[in-house]
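Inside the fold
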There are 2 protein chains.
Amino acid sequence: MPYFDAASAAPLHPVAREALLASLDEGWADPARLHREGRRARLLLDAAREAAAEAVGCRADELVFTPSGTHAVHSGISGVLAGRRRAGRRLVHSAVEHSCVLHAAEVHAADGGSVAAVGCDRGGRVAADGFAAALTPDTALAALQSANHEVGTEQPVAEVAEACAAAGVPLLVDAAQSLPWGPVAGPWSVLAGSAHKWGGPPGVGLLVVRKGTRFAPRGPVDEREAGRSPGFENIPAIVAAAASLRAVRAEAAAESGRLRGLVARIRERVAAVVPDVEVVGDPERRLPHLVTFSCLYVDGESLLYALDRAGFSVSSGSSCTSSTLTPSHVLKAMGVLSEGNVRVSLPPGTGADAVERFLEVLPGAVREVRAALGAPGAGAAAPAGGATGALVVDALGERCPVPVIELAKAVERVPVGATVTVRSDDEVAALDIPAWCWTQGQEYVGERPLEGERGAAYVVRRRV
Amino acid sequence: MPYFDAASAAPLHPVAREALLASLDEGWADPARLHREGRRARLLLDAAREAAAEAVGCRADELVFTPSGTHAVHSGISGVLAGRRRAGRRLVHSAVEHSCVLHAAEVHAADGGSVAAVGCDRGGRVAADGFAAALTPDTALAALQSANHEVGTEQPVAEVAEACAAAGVPLLVDAAQSLPWGPVAGPWSVLAGSAHKWGGPPGVGLLVVRKGTRFAPRGPVDEREAGRSPGFENIPAIVAAAASLRAVRAEAAAESGRLRGLVARIRERVAAVVPDVEVVGDPERRLPHLVTFSCLYVDGESLLYALDRAGFSVSSGSSCTSSTLTPSHVLKAMGVLSEGNVRVSLPPGTGADAVERFLEVLPGAVREVRAALGAPGAGAAAPAGGATGALVVDALGERCPVPVIELAKAVERVPVGATVTVRSDDEVAALDIPAWCWTQGQEYVGERPLEGERGAAYVVRRRV
């Protein structure tokens, strides 16, 4: 049963499992204690720190273990913002950071700080010069991911780190997705990672703060982990995480080349075998194991379940697969289609046969969901004849992907040059209707708020 | 090799080990995902929450898992203080709380809040009426441990919880030490616990917030754990923690009776076989497995190592076993001797034979340390004759236990009714010199600051 959601969590690496079992016996005691069990735990913790620091490319005394990558990011951001409060209170981050960065930024803004989000291109990539231009003299901290977790696009971290160094602004790199593949280049100041993304157990993040970076931990701390991560250390998991990082790094060169081939195959074939699909993310500068695409006229949750029934586990950034009814902020920032979104992230060891089977299964799964929704081209004949001038479609109360399906059907009923107006109160329509136009070669005229009602009227002109 | 430091951390319970191994295979995926691996992880998480809630005596939707007991306490305190900011900004806690409570209180005070610490008796027990008297109308939160982690004294939590309920103040109970033995009685509002204290793995705490308690999580959060504990859930460890709690509870009644007998034996025999020892903590209202005593004229670190060489792992609240040179705040609040402090905490299954061997080894270990320090009664003959009136001992620059050793020697050289003044800049002298007088039946006259120097002059009158 192929599991294609490694970017969420990967099964435990065999090396991690072995290390965890051994250190459950040897490393359960309190490393702050002087007795032999405590000293043994301390030795294991020190050795794990050395190994992790070597893999990251930092000094051991610059690295602390946290309970998760999220904790590492939260502590890293609040610690630098507090340490550099005199420099200013501005936080600059990319618009496509992981939500844990955005949550920390929200807390900073609520506390009176200022926050600037730097946009990206349609491939999800941030421009290094655009990012550098946002570094004002009162910027306390900049944050940029090494690679995007939803679409796989690599960011120009080394270039941005140079620009930050030149501007005297520390750069925090969320390296959660890229750390299994290699160290992060450039003169960054703070780095965060998460063990369960590299085959380590859950419960371990790492936070690196380079010597010379002003850092003042926020909230209550204790004497553990250099005063930067309170609470009893999870040594068995830390030992397993360090062992796993070393193991995946040893396999990284060969495995990344192999997975890159499989991902290229998916990118090419999905576009060929699924009609009305948009493969998203930068085509070249990308993580080796991750590919994302969005399917028109499909709701993400139904597609996920259809693929699940066919034996494939993937994830989605569609609004209709989350509890919030808002689409992924990453897809939104990119301006790409969010409906029917699928993220495939291959764990190490994924075989070509599993990928081929996925490519066989996918078109049918999409077809099945489209048919259930009465999507255009799914066997439901477009009504003959119809309007000749402008057409108004009322999709109020309908949720993604219905407004786009109604739009597509209406466009078939008007002549080239005529407009279709969709009235919708679905938040996602603002993203998906322009994205539909972009993928279909139609013209997006614009939107206006509805009078006396929640929602907007979206106007599209038929071009083809 | 007997390990007698269960109050710091206990080895993994066999049931926890089995549950951990099983759920490493079944529960590694992201429980927020819709695919089968995610759904399986979610089921395990839900079942663990049900089991933990049953053991605690709360509803499952009142309980979230945190990365540690420390995180649970920090989040519990900051969440209630923020949620009840309108009621006031006063935090009341006992003076003998775990340091994680004190750290959270320090952060609150630094943020402009007010903090009141309620004292305890010489046995470490807080008076319920004294605690209730501290509950002013502007008190936002009260915090009281169920039992003390250093001396084992049980606190009157049920009584205090009633008083808090009557005053409309939520009570947070740090139940880390007592949770393996049973649920916490009384109408408390918030409760924190730590799995590695009950044979669960490290990396799991629990935070219970009763329905109706105003609670506003502080800092960045996400959608995990009801918005009260951010970061990827550590499901294998959570499952193991819940299984272990259930297992130790099943054994609790029998095991607590058995360990209580062993602890009573240690309390009685230590006082009999070690000269100049003070057994501390409430003699009756105490945890079943924990006993603490302090030995005059001994430094804690040397005694720990001597016991370690003899095969016994214990811990100590002495200043000379920590990096801070300050004694345990618990012993300080109790006003008892801090030098030569030893905490024995027996893990479940400890045999009577191991305890008897400890009692055989202990007197020799204490004697050995005293001899090395030239302590009184350790073979070094007291100088004959000597001063007849007042005597001044200069112990400036000397660290615990030397000032007390010098005091004891000097007192032997003056007649009954005469005074000895000890000049010392060791912070612990302020605690240990009065405590020495108390244990030796001598009179503590008082102290005065030294002129032009750091430290104080401590005056003692010979009575016996």
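The structure presented is a predicted model; accordingly, all values stated were derived computationally and were not measured.

The rules behind each value
Residues numbered from 1 in each chain as written. Chains lettered and ligands numbered in written order. Predicted model: local features only at pLDDT ≥ 70, side-chain atom pairs only at ≥ 80, totals over all residues. Heavy atoms only, no water. Pairing = 2+ DSSP bridges. Helix = DSSP H or I, 4+ residues; strand = E, 2+ residues; numbered from the N terminus. Axes fitted to C-alpha atoms, helices over the stretch in contact; angles between N-to-C directions. Contact = heavy atoms within 4.5 Å. Buried < 20%, exposed > 50% of the residue type's maximum accessible area, 1.4 Å probe, protein only. Buried area = accessible area lost by both parts, 1.4 Å probe. Salt bridge = Lys/Arg side-chain N within 4 Å of Asp/Glu carboxyl O. Polar contact = N/O pair within 3.5 Å; in protein donor to acceptor, adjacent residues only side chain to side chain. Disulfide = S-S within 2.5 Å. Least-squares fit on C-alpha atoms with pLDDT ≥ 70 in both. Phe/Tyr/Trp six-rings, centres within 6.5 Å; stacked < 30°, edge-to-face > 60°. Lys NZ or Arg CZ within 6 Å of the ring centre and 35° of its normal. Left-handed = near helix turned anticlockwise from the far one by under 90°. Nonpolar A, V, L, I, M, F, W, Y, C, P; charged D, E, K, R; others polar. Core = buried A, V, L, I, M, F, W, Y, C linked by side-chain atoms within 4.5 Å. Right-handed = clockwise from strand over helix to strand, strands pointing away. Domains from an automatic or database assignment. UniProt positions renumbered as here; feature names shortened; annotations may be inferred. Expected span 1.5 Å × (residues − 1). Bend = angle between axes of the 7 residues up to and from the residue.

1. Some details on the sheet that holds strand E11 (residues 391–394) of chain A
All names here are of chain A. Judged by pairing direction, the sheet is mixed, and its four strands sit side by side in the order E11-E12-E14-E13 without closing on themselves. Among the strands making up the open sheet, the edge pair consists of E11 and strand E13 (443–449). For this sheet, the mean inter-axis angle between neighbouring strands, taken without regard to orientation, is 20 degrees. Those strands touched by helix H11 (residues 402–412) are E11, strand E12 (419–424) and strand E14 (456–461), and its axis lies near 160 degrees from that of E12.

2. Focus: the environment of Ala87(B)
Residue and element names in this part refer to chain B. In this structure, Ala 87 sits in the loop between helix H3 (69–83) and strand E2 (90–94). For Ala 87, a relative accessible area of 32% corresponds to the partly exposed category. The spacing of Ala 87 and Asp 138 is 51 residues in sequence and 5.8 Å in space, taken between C-alpha atoms. Excluding anything up to four places from it in sequence, Ala 87 contacts Pro 137 and Asp 138.

3. Topic: the interface of chain A and chain B
If you look at the interface, chain A gives 60 residues, while chain B gives 60 residues. Looking at the side of chain A facing chain B, the largest losses of area belong to Trp28(A), Leu34(A) and Arg36(A), adding up to 14% of the total buried there. There are eight salt bridges connecting chain A and chain B. Measuring nitrogen to oxygen at the nearest pair gives 3.0 Å for the salt bridge that ties Asp308(B) to Arg39(A). Where chain A touches chain B, the interface holds 18 residue pairs in polar contact (both at pLDDT 80 or more).

4. Looking at unusual backbone geometry
All names here are of chain A. For the peptide bond that leads from Cys 400 to Pro 401, omega is 5 degrees, which places it in the cis range. Topologically, Pro 401 is positioned in the loop between E11 and H11. Even without being glycine, Asp 276 reaches a positive phi, approximately 55 degrees. Relative to the elements of secondary structure, Asp 276 occurs in the loop between helix H7 (235–273) and strand E8 (277–280).

5. What to know about the state of the cysteines
Residue and element names in this part refer to chain A. Per the stated rule, a full pass over the model turns up zero disulfides over all chains. In this structure Cys 120 is not part of a disulfide, and its nearest cysteine sulfur, from Cys 100, lies 17 Å away. This cysteine, Cys 437, is not joined by any disulfide, and Cys 400 carries the nearest cysteine sulfur, 15 Å off. Relative accessible area serves as the criterion here: at 2%, Cys 437 is assigned to the buried category.

6. Notes on the relation of the copies chain A and chain B
Of the transformation placing chain A onto chain B, the axial shift is 0.0 Å and the rotation is 180 degrees, giving an RMSD of 0.0 Å. Such values leave the two copies arranged in the relation of a two-fold axis. With an isologous cut-off of 70% or more, the 100% of interface residues of chain A that recur at the interface of chain B puts this contact in the isologous class.

7. Brief notes about the pattern of salt bridges
Pairs can form between side chains of opposite charge whenever their charged atoms are close. Under the defined criterion, the tally for this structure stands at 53 salt bridges over all chains. In this structure, Asp25(A) engages Arg17(B) in a salt bridge whose closest nitrogen and oxygen atoms are separated by 2.8 Å. Here the residue Asp25(A) occupies a position in helix H1 (residues 14–26), and Arg17(B) occupies one in helix H1 (residues 14–26), the pair thus bridging two chains. Overall, the relative accessible area of 26% leaves Arg17(B) in the partly exposed class. Among the salt bridges present, the one from Asp308(B) reaches Arg36(A), with a minimum N-O distance of 3.5 Å.

8. Thoughts on the packing of aromatic side chains
Residue and element names in this part refer to chain A. For the coordinates displayed, the defined rule picks out eight aromatic pairs over all chains. By way of ring pairs, the aromatic residues Phe 4, Phe 312 and Phe 358 are connected into one cluster. Just above the ring of Trp 438 sits the side chain of Arg 122; from NZ or CZ to the centre is 3.5 Å. The aromatic ring of Trp 188 is capped on one face by Arg 210, whose charged end is 4.0 Å from the ring centroid.

9. A word on the packing of H3(B) against helix H4 (residues 99–110) of chain B
Residue and element names in this part refer to chain B. Relative to each other, H3 and H4 sit at 35 degrees, their axes nearing to 9 Å. In the packing of H3 onto H4, the handedness of the crossing is right-handed. Residues Thr 70, Val 73, His 74, Ile 77 and Leu 81 of H3 form the contact with H4, whose participating residues are Cys 100, Val 101, His 103, Ala 104 and His 108. Tallied by class, residues from the contact of H3 with H4 come to six nonpolar, four polar and no charged.

10. Observations concerning H11(A)
Along H11(A), eight of the 11 residues are buried, which leaves the element largely enclosed by surrounding structure. Buried within H11(A) we find Val402(A), Pro403(A), Val404(A), Ile405(A), Leu407(A), Ala408(A), Ala410(A) and Val411(A).

11. A short note on the nonpolar core
Within the largest apolar cluster, 127 residues are counted, with the highest numbers of intra-cluster contacts made by Phe131(A), Leu171(A), Leu206(A), Phe131(B), Leu171(B) and Leu206(B). Excluding residues within four positions of it along the chain, Phe131(A) makes contact with Val92(A), His93(A), Ser94(A), Val118(A), Val126(A), Ala142(A), Ala143(A), Leu144(A), Val160(A) and Cys164(A).

12. A closer look at the pairing of E12(A)
Residues and elements named next belong to chain A. Of all six residues in E12, five are buried, a share of seventy percent or more. Note on the crossover from E11 through H11 to E12: the handedness is right-handed. Taken together, the six bridges between E12 and E14 define a ladder with antiparallel strand orientation. Looking across to E14, one finds that Val 422 is bridged to Tyr 458.

13. Quick look at the domain arrangement of chain A
All names here are of chain A. For chain A, the assigned domains read domain 1 (14–248), domain 2 (253–373) and domain 3 (391–461). Using C-alpha coordinates to define each centre, domain 1 is positioned 28 Å away from domain 2. Contacts between the two partners involve 23 residues from domain 1 and, on the opposite side, 24 residues from domain 2. With both chains or domains summed, domain 1 and domain 2 bury close to 1900 Å², and 58% of this area falls on carbon and sulfur atoms. Of all residues in domain 1, the largest losses of buried area upon contact with domain 2 belong to Arg 122, Glu 150 and Trp 181, amounting jointly to 38% of the total for that side.

14. Quick notes on the sheet that holds strand E10 (residues 341–345) of chain B
Residues and elements named next belong to chain B. The strand order across the open sheet formed by three strands is E8-E9-E10, and the pairing between neighbours is antiparallel. Bordering the open sheet on either side are strand E8 (277–280) and E10, each of which pairs with just one other strand. Within this sheet the neighbouring strands show an average axis-to-axis angle of 20 degrees, counted without direction. Here strand E9 (residues 290–295) pairs with E10 via five bridges, running antiparallel. Among the inter-strand pairings, Phe 293 is bridged to a residue of E10, identified as Val 342.

15. Some words on the UniProt feature "domain: UPF0033" (unreviewed entry) in chain A
Within the UniProt annotation, "domain: UPF0033" (unreviewed entry) is assigned to residues 393–417 of chain A. Segment residues 393–417 of chain A splits into 44% helix and 8% strand. End C-alpha atoms: 17 Å apart.

16. What about the environment of Leu391(A)?
Residues and elements named next belong to chain A. Structurally, Leu 391 is set in strand E11. Along the backbone, Leu 391 and Val 420 are 29 residues apart, and their C-alpha atoms lie at a distance of 4.8 Å. Apart from residues no more than four positions distant in its own chain, Leu 391 is found in contact with Ala 410, Arg 413, Val 414, Thr 419, Val 420 and Thr 421.

17. Overview of the pairing of strand E6 (residues 190–194) of chain B
Residues and elements named next belong to chain B. Burial analysis of E6 places five of its five residues in the buried class, the great majority of the element. Neither face of E6 is open: one carries Val 190, Ala 192 and Ser 194, the other Leu 191 and Gly 193, and all of them are buried. Summarising the sheet, strand E5 (residues 171–174) and E6 pair through three bridges and their orientation is parallel. Within E6, the residue paired with Leu 172 across the bridge is Val 190.

18. Quick notes on helix H7 (residues 235–273) of chain B
Look at H7(B): only 48 Å from first C-alpha to last across 39 residues, short of the 57 Å you get at 1.5 Å a residue. Of all the bends in H7(B), the greatest measures close to 60 degrees and is centred on Ala252(B).

19. Some remarks on the side chain of Glu278(B)
All names here are of chain B. Structurally, the position occupied by Glu 278 is in strand E8. Assessed through its relative accessible area of 7%, Glu 278 is described here as buried. One polar contact links Glu 278 to Arg 122, side chain to side chain, over a distance of 2.8 Å. Excluding anything up to four places from it in sequence, Glu 278 contacts Arg 122, Thr 292, Phe 293, Ser 294, Val 336, Leu 337, Trp 438 and Thr 439.

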